[in-house]
Amino acid sequence: TKKKNIVFLGSPQVAASVLDTLLAASSSPDSAFQVAAVVTQPPAAKNRGRKLLPSAVAQLALERGFPGDLIFTPERAGEESFLSDLKGVKPELCITAAYGNILPQRFLDIPPCAGTVNIHPSLLPLYRGAAPVQRALQDGVAETGVSLAYTIRALDAGPVIACERFSVDECIKAPELLAILFNIGSKLLLDELPSVLDGSAKQKAKPQDDSKATLAPKMNSDESWLTFDEEAKVLHNKVRAFAGWPGTRAKLQLMNQNGEPDVLDIKVISTNVSTSCDKVGDENEILFSGNSLLVPCSGSTWLEVLELQLPGKKVTTARDFWNGLRGQKLLKST
């Protein structure tokens, strides 16, 4: 029997791991499908060299020997030339994972029977949008998951074919959780592919309850500042959510030899939460205990800063940073 054509759409590293799983499965002699084309974001300027580099998905496809002329990189998924190329591939099914472009109806009309299916790292209808993992961590959820859902024109609102739950520990950060959820999503996709390809998944897919939907808007670099007039738990969750990009920043005050404050702009990398402190200091004074800077926060809570980064420097431990202060007093900005 002829293998069915699948087109994969994705861009970052987490999507590359999904493509890798699909390519490995499709190479099996008894596989019912083959990856006929890959669609990803155009090459982008990365790092200080500003050299144009292909997306992680394009890179992986090339490394696996995928034909370069079947890797499509449209600026927008509605471009005529791209839609024409896509029709030429004759896809039975399109699969998306963190692709990063809106799919117009003319795209969605191309796969004839199986449609387009998305791996979304949340338990839909919760956290629809661009940053589901980050916003879930910011909210301090104890459980999240991954959903396999049909793509319709409305944002992440299509019927859900299957989902899997995942317990979230209190220290996991967004990049790690994203990788875990897309890994689970890859396995879920392979389990459900036979029913998606033969059309029976459409019968069992459950419509989402729009009244229970929550949104997960894109991250914004303006949100990255920490203000210590919130409870430590809220700040800790923000550090976990914003790890990777855009990171979390804070302004501290370092008292110089003249007793005047110099503003210190730091990036906060790893934190914990404490409800007690074994040291005594002034109201806004940052203390050091164990291996942590202790920053006083609202509600008699303390944010333990374990790792941080100064501008232009490498990430350092709180202990090394504290030792470098040589007894200078450190205050939180008010």
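Residues numbered from 1 in each chain as written. Predicted model: local features only at pLDDT ≥ 70, side-chain atom pairs only at ≥ 80, totals over all residues. Heavy atoms only, no water.

Looking at an unreviewed UniProt entry, one finds the protein chain named Methionyl-tRNA formyltransferase, mitochondrial and attributed to Aegilops tauschii subsp. strangulata. Its UniProt record gives the protein chain the following Sequence similarities (unreviewed entry) comment, quoted word for word: "Belongs to the Fmt family." (UniProt positions renumbered as here; feature names shortened; annotations may be inferred.)

### Description of the sheet that holds strand E6 (residues 93–97)
Strands pair in a sheet through their backbones, by hydrogen bonds, and they do so in one of two ways: parallel or antiparallel. With mixed pairing, seven strands are arranged side by side in an open sheet as E5-E2-E1-E6-E7-E8-E9. Each edge of the open sheet carries a strand with a single partner, namely strand E5 (71–72) and strand E9 (160–167). Of the strand pairs in this sheet, strand E7 (residues 115–120) and strand E8 (residues 143–150) are connected by four bridges, and their pairing is antiparallel. In the sheet register, asparagine 118 faces E8, and the bridge partner there is alanine 149. Of the strands in this sheet, strand E1 (4–10), strand E2 (33–39), E6 and E7 are in contact with helix H1 (residues 13–26), which crosses E2 at around 150°. (Pairing = 2+ DSSP bridges. Helix = DSSP H or I, 4+ residues; strand = E, 2+ residues; numbered from the N terminus. Contact = heavy atoms within 4.5 Å. Axes fitted to C-alpha atoms, helices over the stretch in contact; angles between N-to-C directions.)

### Some remarks on the pairing of strand E13 (residues 292–296)
Burial within E13 is extensive, with five of its five residues counted as buried. Taking every second residue as pointing to the same face, both faces of E13 are buried, with Ser292, Leu294 and Pro296 on one and Leu293 and Val295 on the other. Sheet analysis places strand E12 (residues 287–289) next to E13, joined by three bridges and oriented antiparallel. Counterpart to serine 289 in the pairing with E13 is serine 292. Hairpin remark: E12 followed by E13, antiparallel, with two residues in the connecting loop; positive phi at glycine 290, about 65°. Pairing of E13 with strand E14 (residues 302–309), which is carried by four bridges, proceeds in the antiparallel orientation. Across the sheet, residue valine 295 finds its bridge partner in E14, namely leucine 303. (Buried < 20%, exposed > 50% of the residue type's maximum accessible area, 1.4 Å probe, protein only.)

### As for the environment of leucine 126
Mapped onto the elements of the fold, leucine 126 is located in the loop between E7 and helix H5 (132–138). Taking the relative accessible area as the measure of exposure, leucine 126 reaches 37% and is therefore partly exposed. The spacing of leucine 126 and valine 14 is 112 residues in sequence and 20 Å in space, taken between C-alpha atoms. When residues no more than four places from it in sequence are discounted, the contact partners of leucine 126 are Lys212 and Thr214.

### A closer look at empty space enclosed by the protein
Under the definition given, this model contains one cavity of 30 Å³ or more. By volume, the largest cavity amounts to about 40 Å³. The set of elements that each furnish at least two residues to the lining of the largest cavity consists of strand E10 (248–255), strand E11 (261–274) and E13. (1 Å grid on protein atoms, 1.4 Å probe; cavity = no way out; pocket = protein on both sides within 12 Å on 5 of 7 lines; lining within 4 Å. Points joined across faces, edges and corners; volume = space filled by probe spheres on them.)

### Examining the domain arrangement of the protein chain
Partitioning the protein chain into structural domains gives domain 1 (4–216) and domain 2 (221–332). Relative to domain 2, the C-alpha centre of domain 1 lies at a distance of 37 Å. Listed per partner, the contact involves 14 residues of domain 1 and 12 residues of domain 2. Summing the contributions of domain 1 and of domain 2, the shared interface buries around 1000 Å²; its carbon and sulfur component is 46%. The largest share of the area that domain 1 buries against domain 2 comes from Gln138, Glu170 and Lys173, three residues that together contribute 47% of it. Inspection of the domain 1/domain 2 interface yields two salt bridges. Mapped by element, the contributors of at least two residues to the side of domain 1 that touches domain 2 are H5 and helix H6 (174–198). Of all the elements, H5 adds the most residues to the side of domain 1 that touches domain 2, at four residues. Classifying every residue of the side of domain 1 that touches domain 2 gives six nonpolar, three polar and five charged. (Domains from an automatic or database assignment. Buried area = accessible area lost by both parts, 1.4 Å probe. Salt bridge = Lys/Arg side-chain N within 4 Å of Asp/Glu carboxyl O. Nonpolar A, V, L, I, M, F, W, Y, C, P; charged D, E, K, R; others polar.)

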